[in-house]
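Inside the fold
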Amino acid sequence: QVQLVESGGGLVQAGGFLRLSCAASGSIFSLNAMGWYRQAPGKQRELVAGITSGGATNYADSVKGRFTISRDNAKKTVYLQMNSLKPEDTAVYYCNAEVKTTYWEEGDYYWGRGTQVTVSS
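A few points on the structure. (Residues numbered from 1 in each chain as written. Predicted model: local features only at pLDDT ≥ 70, side-chain atom pairs only at ≥ 80, totals over all residues. Heavy atoms only, no water.)

Section: the pairing of strand 3 (residues 18-26)
Side-chain direction in a regular strand flips from residue to residue, so the side chains alternate between the two faces of the sheet. Strand direction decides the pairing type here: strand 1 (residues 2-7) and strand 3, joined by six bridges, are antiparallel. Its bridge partner lying in strand 3, Gln-3 is registered against Ser-25. Taken together, the six bridges between strand 3 and strand 8 (residues 77-82) define a ladder with antiparallel strand orientation. Each bridged residue has a counterpart across the sheet, and for Ser-21 the counterpart in strand 8 is Tyr-79. (Pairing = 2+ DSSP bridges. Helix = DSSP H or I, 4+ residues; strand = E, 2+ residues; numbered from the N terminus.)

Written as structure tokens, this is what we have:
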């Protein structure tokens, strides 16, 4: 069993910042790619940022230059530093990770329960 637990969401004014964290725990042999997705009311879930086990990153165009994804492999944690927040960043943010529970198995994707980020204008 693998759990992803997000933290760090909240209410912030436009132009402010937040830092999200997502800690993985449970039966983990290796953590591969990790990422942050978000879903605003009435919209589809979208990729915000991703990071490979080697540290390569990619970002949605809408957050480039404002958000930074990073990870601490020893702590099995991925972070999302969000600066210059805009009202359109308001959404539930979900952590996602590809996890191998044994050496022999293919990785499976796991989701956290999400953390609310609300940016007021």
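Here we look at the sheet that holds strand 1
On the basis of which strands lie adjacent, the open sheet formed by four strands has the order 1-3-8-7 and antiparallel pairing. Of all strands in the sheet, those bounded by a partner on one side alone are strand 1 and strand 7 (67-72). Strand after strand, the sheet turns through a mean of 15° between neighbouring axes, direction not considered. Across six bridges, strand 7 lies against strand 8 in antiparallel orientation. By the bridge assignment, Arg-71 is partnered in strand 8 with Val-78. (Axes fitted to C-alpha atoms, helices over the stretch in contact; angles between N-to-C directions.)

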